[in-house]
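Fold and geometry: a report
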Amino acid sequence: MFQKILIANRGEIALRVLRACKELGIQTVVVHSTADADAMHVRLADESVCIGPPPSRDSYLNIHQIVAACEITGADAVHPGYGFLSENAKFADILAAHNITFIGPSGDHIRIMGDKIEAKRTAKRLGIPVVPGSDGAVTDQKEARRIAAEIGYPVIIKASAGGGGRGMKVALTEADLEIALHTASTEAGAAFGDDAVYIEKYLEKPRHIEVQVFGDGAGRGVHFGERDCSLQRRHQKVWEEAPSPALNAEERARIGNICAKAIADLGYSGAGTIEFLYENGEFYFIEMNTRLQVEHPVTEAITGIDLVHEQIRVASGGGLSVRQEDIKFNGHAIECRINAEDPRTFTPSPGTITHFHTPGGLGIRVDSGVYSGYKIPPYYDSLIGKLIVHGRNRVECMMRLRRALDEFVVDGIKTTLPLFRDLVGNADIANGDYDIHWLEKYLAKEE
Ligand code: MV4
């Protein structure tokens, strides 16, 4: 087991990882920018190292500073959290070259999944169902027309270096295809330095369902069920839940087992998320994330398993603590992302939190890095906390969520809490009847 882990992140996830380290009796080092000297994770860590000025590129993304902080403190492993360097293959490789363990998959697996064409090719080879489309990059207009005619319109053009909704163009008919292909490719070249694009059938009203997987790096793979993350705005998830209201136990087991086997065959190590679009009873792979995700607590709530403990165990060579048959699904969980933002326009609202009171009671978890009197710096993501509610079933979960939202107090700044108070009373949400476009349509109506 590791002696000392360096946490290369900030905010609620830095605290989340710190808690897991404490439970496992591992010493903690955090790195922080000058803007985060007063942050909770800095106060609670055994050691802290200031690695630079506020802009992320000079601090949380500065690989050399982070490696130096490891050398100075004698950390033997790095947990990257999510965002920042968590899916940076070069960072994983550099740490390995310094004999520091990256708590995550190999640089090669990160690289494969970062290239969306290569990721899709790999998924297909491993037996994961993918969206019908081009087999690799498309450059030629004639070839694009042939593929689009074959799969049928509408089609979507995606950047291979994109992902998470960046660099996509929809072509409703052949008349749109030439411009869509040209713009997608030009924009991808400018944004990512890689103009490779591919074509897929455009699914019009899917849900976003993702499967939590883990590999032990030695040929074993398991799944921890799915999360439904369809409620999002501009590719930012707002509300996530597990299990998906759209799936039954057979569908869950079928897609879960396909994913677990794929992870085993890939020889993958650590936590991963396989993202699907789900429409008319079918799953279509879109991307794989090679990190722990923001919404991992809903999976923890319904399985009772600490996924950060598992990441640390696997990275240290101790293997997974569970076999597939040990993973049982219990009840329902919902996560609301509390952002320091206007609840209608989502404009960031940094500033001082004058009063912070979190809900409690059975089935309530709040993961947050803030406190009363804390001043939110304007330089980073606006996520200040997550409310995760568990119940024996979805109805109980929703009742408890409504109650928890009533107890939550965040004064001094605007937050997305009022949005959740509206959503929890909405009939479509109560019925689990929503797709990836539901929230944006709802927000447009409310204006
Ligand atoms: C799609 C799609 C429809 N058809 N691919 C957006 C994020 C990126 N991960 C993939 N995305 C989409 N890919 C096909 N073939 C619709 C989206 C999409 C979306 C997906 C998940 C959650 C929210 C979304 C919002 C708009 C579009």
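Cut-offs applied
Residues numbered from 1 in each chain as written. Predicted model: local features only at pLDDT ≥ 70, side-chain atom pairs only at ≥ 80, totals over all residues. Heavy atoms only, no water. Near = heavy atom within 4 Å. Polar contact = N/O pair within 3.5 Å; in protein donor to acceptor, adjacent residues only side chain to side chain. Areas by Shrake-Rupley, 256 points an atom, 1.4 Å probe, with all protein chains shown as cover. Helix = DSSP H or I, 4+ residues; strand = E, 2+ residues; numbered from the N terminus. Nonpolar A, V, L, I, M, F, W, Y, C, P; charged D, E, K, R; others polar. Domains from an automatic or database assignment. Buried < 20%, exposed > 50% of the residue type's maximum accessible area, 1.4 Å probe, protein only. Lys, Arg positive; Asp, Glu negative; His and termini not counted. Salt bridge = Lys/Arg side-chain N within 4 Å of Asp/Glu carboxyl O. Contact = heavy atoms within 4.5 Å. Core = buried A, V, L, I, M, F, W, Y, C linked by side-chain atoms within 4.5 Å.

Our next topic: the site of the ligand. Of all residues adjacent to the ligand, which total 18 residues, the nearest are Lys158, Glu200, Lys201, Leu203 and Glu287. Measuring from a nitrogen atom of the ligand, one finds a side-chain N or O atom of Glu200 at 2.9 Å. Measuring from a nitrogen atom of the ligand, one finds a backbone N or O atom of Leu203 at 3.0 Å. With the chains in place, 93% of the 520 Å² that the ligand exposes on its own is no longer accessible. Secondary structure elements with two or more residues in the shell around the ligand: β6 (155–163), β8 (197–201), β12 (269–279) and β13 (282–289). Across the shell around the ligand, the residue classes tally to eight nonpolar, five polar and five charged. Residue-level mapping places the shell around the ligand at the junction of two domains, with at least three residues from each of domain 2 (132–201) and domain 3 (207–446).

Locating Glu275 in the fold gives a position in strand β12. For the buried Glu275, which has no salt bridge, the nearest side chain bearing the opposite charge is Lys237, at an N-O separation of 4.2 Å. A polar atom in the side chain of Glu275 sits 2.8 Å from the side chain of Asn289. Non-local contacts of Glu275, meaning those with residues more than four positions away in its chain, are made with His208, Ile209, Glu210, Lys237, Tyr284, Phe285, Ile286, Glu287 and Asn289.

A word on the pattern of salt bridges. Counting across every chain of the model gives 33 salt bridges. Of the charged contacts, one joins Glu47 and Lys4 as a salt bridge, the two residues approaching to 2.6 Å between their closest N and O atoms. Placement of Glu47 in strand β3 (residues 47–52) and of Lys4 in strand β1 (residues 4–7) is noted, with a sequence separation of 43 residues between them. According to the relative accessible area criterion, Lys4 is buried, its value standing at 15%. Members of the salt-bridge network, linked through shared partners, are Glu210, Arg227, Lys237, Glu240, Glu295 and Arg337.

What follows deals with the nonpolar core. Ranked by internal contacts, the top residues of the largest apolar core, which has 37 residues, are Trp239, Ile384, Leu387, Leu401 and Leu423. The element that contributes the greatest number of residues to this core is helix α12 (residues 394–407), accounting for five residues. Ile384 has contacts with Ile338, Asn339, Ala340, Ile353, Ser368, Gly369, Val370, Ile376, Val410, Ile413 and Thr415, leaving out every residue within four places of it along the chain. The next biggest cluster of nonpolar side chains, apart from the first, holds 32 residues, and it includes Ala39, Ala45, Ala77 and Ile327.

Our next topic: the environment of Leu292. Mapped onto the elements of the fold, Leu292 is located in the loop between β13 and α10 (296–303). In sequence terms Leu292 and Leu307 are 15 residues apart; their C-alpha atoms lie 8.2 Å from each other. With near-sequence residues (within four places) excluded, Leu292 lies in contact with Ile13, Gly81, Tyr82, Leu307, Val308 and Gln311.

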